[in-house]
Amino acid sequence: MIRHLWPLLAGFTLWALAFILLYALQYLGCYFGWAPAAHRTALVVGYVMSLAALAGALLVQLALLRRRGSAATSLDRIGIGATIAALAATAVTFGPTLLASACI
Amino acid sequence: MSTLDPAGPAAADIATLWWVMFWGALVLFALVMALLVLSFLRPAMIASIRPIHWIIGGGLIMPVPILIALLMAALLLGEQLLPKPGGVQPMRVEAHASRWQWQFSYPETPGAATTEILHLPAGEPVDIVVTAADVIHAFWVPRLGGKIDAIPGHTNVIRLQADEPGVYRGICAEYCGEGHETMGFVVEAHSPADYATAIGGAQ
Amino acid sequence: MSQDPLSPVALHKALTRIWATPPGWGRLSAVNHTILGKRFMMLALVFFTIGGVLAMLIRAQLATPGSAFIGPELYNQIFTMHGTVMMFLFAIPMFEGLAIYMLPKLLGARDLAFPRMTAYGFWCYLFGGMILIVAMLLGYAPNAGWFMYTPLSSGTYTPGINADVWLLGITFVEISAITAAVEIIVTILKMRAPGMSLTRIPIFGWYMLVTATMMLIGFPPLILGSILLEMERAFDLPYFDPTRGGDPLLWQHLFWLFGHPEVYIIFLPAAGVLSTIIPTFARRPLIAYNAIIIAIVAMAFLSFGLWVHHMFTVGIPHLALAFFSAASALVAIPTAVQIFAWIGTLASGRTKFDVPMLYVIGFFIVFVCGGLTGVMLAMVPFNTQAHDSYFVVAHLHYVLVGGFVFPMLAALYYWLPHFTGRTSVYRLSIPAFWLILIGFNLTFFLMHLTGLMGMPRRISTYPSNWGWDWLNLLSSVGGFLMTMGFALVLVDIIMQFRFGRRGAQNPWRASTLEWAMPTPPPDYNFAALPAVTQRADQLDPDALARSLAAGEGYLGFARADRQETLGVDMMTGMPDQVIILPQRSFLPLWTALATGVFFLGLLFKVYWIVPPAAVVVIALFLLWPRALGARRNMGPIDIGQGEAVPADGEVEDNVTWWASRAAVAADATLYASLLFGALYLAVVAPGWDGPAPATNWLPAIGLATAFGASVLARRARRLNQAGDSPYRWLLGGAALAGLTALACVTGMVLLGDATTHANLALRFALYAYCAIHAGIAMLIMAHAAWRWREGFVSAVRATDLRLSVLWTDYAALALLPAWALMVLLARSGGAA
Ligand code: HEM
Ligand SMILES: [Cu+2]
Ligand SMILES: [Cu+2]
């Protein structure tokens, strides 16, 4: 039954996964002493992938909404708002991957 | 003791950040209160604002740019304060905390004794290497800059600079048990000429 | 089934006979949510008073420099207890009580999903709180600060019983938070008036749904941390000891992983209250219902991604700090969305004024300030100056008092007529409000400045030449003004009980369901359950109250001495089951007393009593389901309005099933925290070099037997579906699960001396976790076998068998990462 709530939760769940991924990348890069350029590249790729995943989720939800037409519930629409918010949050939260010092 | 009376670049930059945030917060607070007052006293003036406009205007358009600008500024300032490697490396001083006292030593100056007063050369950055023997403490000299925790098993570094020779006060900022409030210390910044004599290095 | 319609009075009598709690000693058997909600709130107010007295002692001590009124030893206990009492014994139970009292009434149900769990939670709260207070009165209060940082709180530096009091007392109280969370989630999702679809529930329901889910995920890290720290203190297992492969920072991560969501857990219910009160006084529906749902979901998620802002100065790389800093700043946005939704609601309504609205205004003033300083503190460079100074003390009180105490006072004045059926006297309400507002700002506004001037928190005294004197003196004066205000509120409440006139049933002309009943409310809430055809914050309670009292609606009758209420489809709100609730019982009290013996045994290190106490607790819990369930299929039952639905035992989607899954979610979060801790120590902690003992095959054996148990559980369920006997398969599965537990316990024994290094201590914890869960699976399967023998289980009444599958699966799945981690730990090195 919880699956009915997914439209609402999908976006921010992806945000949370992106958080775990990037925090782990940051940490492991320092732990294993990756070359700074490689480390930075990995982080930025992770950032872009997270954005892509959220954009993808948004597109899927929009397509579903269109397909459901008048059968769509207001929860579907609320879900789209939540995913947009999560996309914006991803862009801001992990933006620092572009420039902040990773290991000091 | 006051962070608003900075005596070094780190503290000065943070104080500037504070004043910017303070005035910004004041304006935002006044704005919200004005809207609140209007909603009671002159609702007609703002009753025509549609719900979606309240949310988009107040919830997004107003805070988002402010927050992003603030985050960027804080990020850049934070980068600037980091004890980064590369370039001319500042001198290193060690600060070791135990219940309930600080001990400072000067590994780069052969023969310098361990002291209870932290001696710094004025006008140049110093990396302070902070460690702890027993529980967690925190190294804080409000007029010079932010604090850094002294954690058993960890080594932390903070870069500080005192612009002028003088006496500054430091304090342990992480609760460490019964003697916590007595765990203050004194920082003396000396002109480069006097510094060596102050720490008694064998030069 | 034909029911003769009764007159409203006769119906009231018949329902009361079924739902009432007897007087005298019988009160201790209460399981009714109205009674327990009030008890929770009353007890929370008692703790608020205690916390307030402690705050006054703090302010008295700090009023002047160099004060010798209280020495540091006592002061440390006082501020620790003040923070602990306010957070754990006042704020959380207070909103739990409000939700327990209010939710069924707002949603159109007759009680919560698990009334006896509510009672058990209350007793755990009471007994756990008493442990703390009694310890304080005897001079053994915790003294390591409310966040109990290690190593200060570990055995070496706090050798006495003080820290154990905190760890065990708070864990005891947390039981009530977890049970309340499960109950709130299940109730909101499954127990509403027919027709109340998910997007029609009153907004307070959404707030509590999100809050309860956050509790379910937020509390387990703290519970795990407390267990590990208590194991370190009691048995010297070095999880946080840097000299033996532990790390004090692990505690900070676990604590704040709970601690930050915690402050949103406290704020969201209060925001839910505001979203309920403001529309009533604005005389129009709340604007932007959908945007608010998005905002609270966003807050819930974001709040789990910013715990490190309490750790900006521990020496974490700047990039990681930047993530947490950005997330911390971002929470301001959903907060702003709500603030403007409220202002917009007021602006577009025809606002009337009354005492609750005073506190709403107070909330705006104080909370907006707190939010702004919160954004400041989210900026790393500024945080390094303000952290652990009085600036933070100011900030946290602005958010907690502004974002919780003021809304709760508004709630108190708003719903007091509902509790008492009387209207306020009001002579004192207004001066009390001004004293609180002015006193509060005088006390705490100045503390921002005190902090910026360099005063650290948690110091019992300070020298007089540092410029802090007059600020502290004024703060203390403000504190006493505020206390006078709170005292007046108390007198005001007592006056209302004594002298308030019997008032109208819906004094504020609200449009939510809780007013569609007589006040004070009857034991059964609604004589009949309403059909809801629009958003449930736009109803007409007065008209509804009349028709419901006459039994017009669903279940508008008393039947077979059963406590009946409706379960609905989660999404659509269409009735899909009749939920038959358990009646009053002393079992929760006995179980909680046995749980208390368990905790006291641990506290006083009388370890021989702990295992028998645990057995008694389990045995008592196994007695609970006896009163429930049927021995024959009833088929669809009449619910009035010409409809009929099955009883809850005969549907798959019932509350027990939902609650079990919620419990598994909490349990899995606890386990995930443990796995995180193990990885964290292996990778981060100092002292992980040299060889480590190899691992053996016991985890693999455990895994095989656990999967066997889970296969047998599935087989049993399928046989039962086909109408065959699952009995032997269940017993076989229980035996296999028992073998799993045995393998894990053997693993613990073979580890040798786990106190030498965190590597072994972690393996010990992993084995212990798996052993306990194999044990749970074994008990549940054996219990299911017994229930089948007794005739409680049939092809449709199969919940017991589905639970067997759920818990055996979980026990098996838990062993997988445990095994992987043991292999990893064997390679990480470090055990001397
Ligand atoms: C009744 C008015 C109150 C006053 C005058 C007051 C005063 C104080 C003071 C002076 C401190 C700092 C103690 C120190 O650092 O040495 C403090 C700490 C604290 N207060 Fe309050 N407080 C009040 C109400 C509250 C409320 C309502 C809450 C929560 C709902 C709360 C939660 C806390 C917490 C969590 C701490 C931190 C304790 C620690 O450092 O371990 N306080 N309070
Ligand atoms: Cu200290
Ligand atoms: Cu926080």
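Student: In this structure, what is going on with the overall build of chain A? I would like to understand it.
Tutor: Each helix and strand in chain A was counted, giving 3 helices and 0 strands. Going residue by residue from the N terminus, the α and β elements of chain A occur as α-α-α. Against the globule reference of 13 Å for 104 residues, chain A gives a C-alpha radius of gyration of 16 Å, more extended than a compact globule. Overall size of chain A, expressed as C-alpha extent along the three principal axes, is 55 × 25 × 15 Å. Burial analysis of chain A (104 residues in total) assigns 39% to the buried set. Taking all contacts inside chain A whose residues are at least 6 apart in sequence as the whole, residues at least 24 apart take part in 78%. Of the roughly 5000 Å² of accessible surface on chain A, a fraction of 75% belongs to carbon and sulfur atoms.

Student: What's the story with the packing of aromatic side chains in this structure? I'm lost.
Tutor: To describe a pair of aromatic rings, one takes the distance between the centres and the angle between the planes. Residues and elements named next belong to chain C. What the rule picks out here adds up to 82 aromatic pairs over all chains. Plain terms: the ring middles of W123 and F127 are 6.0 Å apart, the flat faces sit at 25° to each other, and that makes the pair stacked. Residue W123 and its partner F127 are located together in helix α4 (residues 115–137), separated by 4 residues, close to a single helical turn. One exposure class covers both W123 and F127, and it is buried. Through successive ring pairs, a cluster of aromatic residues spans F88, W146, F147, Y149, W166, F219, Y239, F240, W251, F255, W256 and F258. Positioned above the aromatic ring of W658, the side-chain terminus of R661 is 5.1 Å from the ring centre.

Student: Teacher, can you tell me more about the site of ligand 1 here?
Tutor: Residue and element names in this part refer to chain C. What surrounds ligand 1 is a group of 25 residues, the closest being Y75, H82, H397, R457 and R458. One of the side-chain nitrogen or oxygen atoms of Y390 is found 3.5 Å away from an oxygen atom of ligand 1. A distance of 2.8 Å separates an oxygen atom of ligand 1 from a polar backbone atom of R458. Elements with a minimum of two residues in the shell around ligand 1: α2 (33–62), α3 (72–107), α13 (390–420) and α14 (429–452). The leading source of residues in the shell around ligand 1 is α13, at 7 residues.

Student: Just checking my understanding: could you explain the environment of C:E514 for this structure?
Tutor: Residue and element names in this part refer to chain C. Within the element layout of this structure, E514 appears in the loop between α15 (469–499) and α16 (541–549). Along the primary structure E514 and R458 are separated by 56 residues, whereas in three dimensions their C-alpha atoms are 44 Å apart. Other than its neighbours up to four places away in sequence, E514 contacts M102, K105, L106, Y414, W415 and H418. Of note is the side chain of E514, whose polar atom sits 2.8 Å from the side chain of W415. For E514, the side chain forms a polar contact with the side chain of W515, separated by 3.1 Å.

Student: Looking at this model, I keep getting lost on the coordination of the copper ion (ligand 2). Mind explaining?
Tutor: All names here are of chain B. Taken together, the protein ligands of the copper ion (ligand 2) are H137 (ND1), C172 (SG), C176 (SG) and M183 (SD), with distances of 2.1 to 2.5 Å. The sequence motif formed by the donor residues of the copper ion (ligand 2) is H-x34-C-x3-C-x6-M. Here H137, found in strand β5 (residues 137–140), pairs with C176, found in the loop between β8 (166–172) and β9 (185–190); they are 39 residues apart in sequence, far enough to count as distant. The same class applies to H137 as to C176, namely buried.

Student: Is there a simple way to explain the sheet that holds β8(B) in this structure?
Tutor: The strands making up a sheet are joined through hydrogen bonds of the backbone, oriented either antiparallel or parallel. Residues and elements named next belong to chain B. What the 5 strands build is an open sheet, ordered β3-β9-β8-β5-β6; its pairing is mixed. The strands lining the two open edges of the sheet, one partner per strand, are β3 (118–121) and β6 (148–150). Put simply, the sheet's adjacent strands are angled 30° from each other on average, direction ignored. Of the strand pairs in this sheet, β8 and β9 are connected by 5 bridges, and their pairing is antiparallel. Residue pairing in the sheet places Y168 in a bridge with V187 of β9. Against the sheet, helix α5 (residues 192–199) makes contact with β3 and β9, and its axis sits at roughly 155° relative to β3, the strand it touches most.

Student: What is the right way to look at the state of the cysteines in this model?
Tutor: What makes a disulfide is a covalent bond joining the sulfur atoms belonging to two cysteines. Residues and elements named next belong to chain C. Scanning the model with the defined rule gives 1 disulfide over all chains in all. As a non-bridged cysteine, C770 has C744 as the owner of its nearest cysteine sulfur, 5.1 Å distant. For C770, a relative accessible area of 2% gives the class buried.

Student: What is the right way to read the sheet that holds strand β4 (residues 126–132) of chain B from this model?
Tutor: All names here are of chain B. With mixed pairing, the 4 strands of this open sheet are ordered in space as β2-β1-β4-β7. The sheet is open, and its two edges are formed by β2 (101–105) and β7 (156–160), each paired on a single side. Along the sheet, successive strands turn relative to each other by an average axial angle of 25°, direction set aside. Strand direction decides the pairing type here: strand β1 (residues 91–98) and β4, joined by 7 bridges, are parallel.

Student: Explanation requested: the pattern of salt bridges in the structure shown.
Tutor: Residue and element names in this part refer to chain C. Evaluated as defined, the whole model comprises 20 salt bridges over all chains. Between K190 and D576 there is a salt bridge, with the nearest N and O atoms lying 3.1 Å from each other. Here D576 lies in strand β2 (residues 575–581) and K190 lies in helix α5 (residues 162–190), a separation of 386 residues in the sequence. Across the pair R244 and D236 runs a salt bridge, and its minimum N-O distance is 2.9 Å. Looking at D236, the relative accessible area reads 38%, which means it is partly exposed.

Student: Where do I start with the side chain of C:N472 in this structure?
Tutor: Residue and element names in this part refer to chain C. Note that N472 resides in helix α15. Polar side-chain contacts of N472 include one of 3.4 Å to the side chain of Y462. Side-chain polar atoms of N472 contact the backbone oxygen of W468, separated by 3.0 Å. The contact partners of N472, leaving out residues within four places of it in the chain, are R59, L62, A63, T450, M455 and Y462.

Each value, and the rule that gives it
- Residues numbered from 1 in each chain as written.
- Chains lettered and ligands numbered in written order.
- Predicted model: local features only at pLDDT ≥ 70, side-chain atom pairs only at ≥ 80, totals over all residues.
- Heavy atoms only, no water.
- Helix = DSSP H or I, 4+ residues; strand = E, 2+ residues; numbered from the N terminus.
- Rg over C-alpha atoms; globule rule 2.2 N^0.38 Å.
- Buried < 20%, exposed > 50% of the residue type's maximum accessible area, 1.4 Å probe, protein only.
- Contact = heavy atoms within 4.5 Å.
- Areas by Shrake-Rupley, 256 points an atom, 1.4 Å probe, with all protein chains shown as cover.
- Phe/Tyr/Trp six-rings, centres within 6.5 Å; stacked < 30°, edge-to-face > 60°.
- Lys NZ or Arg CZ within 6 Å of the ring centre and 35° of its normal.
- Near = heavy atom within 4 Å.
- Polar contact = N/O pair within 3.5 Å; in protein donor to acceptor, adjacent residues only side chain to side chain.
- Donors = N, O, S within 2.8 Å, 3.2 Å for Na, K, Ca; no water.
- Pairing = 2+ DSSP bridges.
- Axes fitted to C-alpha atoms, helices over the stretch in contact; angles between N-to-C directions.
- Disulfide = S-S within 2.5 Å.
- Salt bridge = Lys/Arg side-chain N within 4 Å of Asp/Glu carboxyl O.

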